Amino acid sequence: MKRVKPVICVLAGLLLALSLVACGDKSGAGSQEMTLSPAKSEFINTDVTGLGYARDFALIDHTGKPRTLADYKGKAVVVFFGYTQCPDVCPTTMAEMANVMKELGLLASKVQVLFVTVDPQRDTQELLSKYVPAFDPSFVGLYGDQAATEKVAKEFRVFYQKVPGKTPGSYSMDHTAGSYVFDPEGHIRLFIRHGQGPDPIAHDLKLLLS
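Residues numbered from 1 in each chain as written. Predicted model: local features only at pLDDT ≥ 70, side-chain atom pairs only at ≥ 80, totals over all residues. Heavy atoms only, no water.

Draft legend 1. Fine view of the nonpolar core. The biggest cluster of nonpolar side chains holds 59 residues, and the ones touching the most others in it are Phe-57, Val-111, Phe-156, Tyr-180 and Leu-205. Looking at this core element by element, the count peaks at 8 residues for helix α1 (residues 89–104). (Core = buried A, V, L, I, M, F, W, Y, C linked by side-chain atoms within 4.5 Å. Buried < 20%, exposed > 50% of the residue type's maximum accessible area, 1.4 Å probe, protein only. Helix = DSSP H or I, 4+ residues; strand = E, 2+ residues; numbered from the N terminus.)

Draft legend 2. Seen up close, the pairing of strand β12 (residues 188–192). For β12, the tally of buried residues reaches 5 of 5 residues, placing the bulk of the element in the interior. In this sheet, β12 lies alongside strand β3 (residues 46–47) in antiparallel orientation, the contact comprising 2 bridges. By the bridge assignment, Thr-46 is partnered in β12 with Phe-191. Pairing between strand β11 (residues 179–182) and β12: 4 bridges, direction antiparallel. (Pairing = 2+ DSSP bridges.)

Draft legend 3. Focus on the pattern of salt bridges. In this structure the tally under the stated criterion is 6 salt bridges. Between Lys-73 and Glu-185 there is a salt bridge, and its shortest N-O distance comes to 4.0 Å. Placement of the pair is Lys-73 in the loop between β5 (66–68) and β6 (76–82) and Glu-185 in the loop between β11 and β12, with a sequence separation of 112 residues. The class for Lys-73 is exposed, based on a relative accessible area of 58%. One salt bridge in this structure joins Lys-130 and Glu-126, with 3.5 Å as the shortest N-O distance. Highlighted residues: Lys-130 and Glu-126, both in helix α2 (residues 125–131), separated by 4 residues, approximately one helical turn. (Salt bridge = Lys/Arg side-chain N within 4 Å of Asp/Glu carboxyl O.)

Draft legend 4. Summary view of the packing of aromatic side chains. If you walk through the whole model with that rule in mind, you get 7 aromatic pairs. Seen from their ring centres, Tyr-131 and Phe-135 are 5.2 Å apart, and the 75° between their planes marks the pair as edge-to-face. Relative accessible area serves as the criterion here: at 15%, Tyr-131 is assigned to the buried category. An aromatic cluster is built from Phe-81, Phe-156, Tyr-180, Phe-182 and Phe-191, whose rings are joined through pairwise contacts. (Phe/Tyr/Trp six-rings, centres within 6.5 Å; stacked < 30°, edge-to-face > 60°.)

Draft legend 5. Up close: the sheet that holds β6. Read across the sheet, 8 strands follow the order β3-β12-β11-β6-β7-β8-β4-β5 without closing on themselves; strand pairing throughout is mixed. Since the sheet does not close on itself, it has two edges, and those belong to β3 and β5, each with one partner. Of the strand pairs in this sheet, strand β4 (residues 58–61) and β5 are connected by 3 bridges, and their pairing is antiparallel. Counterpart to Ala-58 in the pairing with β5 is Thr-68.

Draft legend 6. Main features of the side chain of Asp-204. Mapped onto the elements of the fold, Asp-204 is located in helix α4 (residues 198–209). For the buried Asp-204, no salt bridge exists, and the shortest N-O distance to an oppositely charged side chain is 6.9 Å, to Arg-193. (Lys, Arg positive; Asp, Glu negative; His and termini not counted.)

Draft legend 7. Broad picture of unusual backbone geometry. Its identity as a non-glycine residue notwithstanding, Ala-54 has a phi of 55°, on the positive side. With respect to the element layout, Ala-54 can be found in the loop between β3 and β4. Despite not being glycine, Arg-157 has its phi angle at roughly 55°, a positive value. Mapping Arg-157 onto the fold places it in the loop between α3 (146–155) and β9 (160–164).

Draft legend 8. Broad picture of the pairing of strand β8 (residues 140–143). Every second residue of β8 is oriented toward a common face, with Val-140 and Leu-142 on one face and Gly-141 and Tyr-143 on the other, all of them buried. Pairing of β4 with β8 involves 2 bridges; the strand directions are antiparallel. Looking at the pairing, Ile-60 lines up with Tyr-143 of β8. Relative to β8, strand β7 (residues 111–117) runs parallel, the two sharing 3 bridges. Across the sheet, residue Leu-114 finds its bridge partner in β8, namely Val-140. In this fold, β7 hands off to α2, which returns the chain to β8; that crossover is right-handed. (Right-handed = clockwise from strand over helix to strand, strands pointing away.)

Draft legend 9. Geometry of the confidence of the model for the protein chain. For the protein chain, mean pLDDT is 84; residues scoring 70 or higher make up 81% of the total. Counted against residues more than four places away or in other chains, residues 1–39, with its pLDDT under 50, gives 78 contacts. (pLDDT = per-residue confidence, 0-100. Contact = heavy atoms within 4.5 Å.)

Here's what the structure looks like:
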């Protein structure tokens, strides 16, 4: 059963005026025009340099420490939104990023992967502390209460919603797939498409860190 939206559905203007909007997003978060860096970018993934949103977050990590983007300055930061009970996209994305870290070798120490839950009702600090580092010890899980989750999802233009399950009280989450990448100075630079394998991601991270 696949309920996760596997890709961002609108990349408006074919990189001329790119917008990131989830399929069926009814939250009112509209698309926003951005300035892209050089027309002939060497990045394989989508260059979103100058994006007018996805600027910061204020959440709690899986050790209980408050975190913002500034805490990871000096590293390239990869931000993915998902949930621990996701059956397919989330674990495959996290496993893919673990392989990226292996491919980066010594450069992996300059990359921070962050997993932001869109299911704070079930994804407790304890659960995140077991789930996220299981893919790579350096990975960090982030969570907030409902208000904080809504705020960060709106800031990043991430769509998510509950989908009722087959039994009373059960549910899954539909959500935007894909990851954002910030450079070591904390500037948004890339949007990584889901399901392309580790090589293109490692390529772009190496380029970003060079």
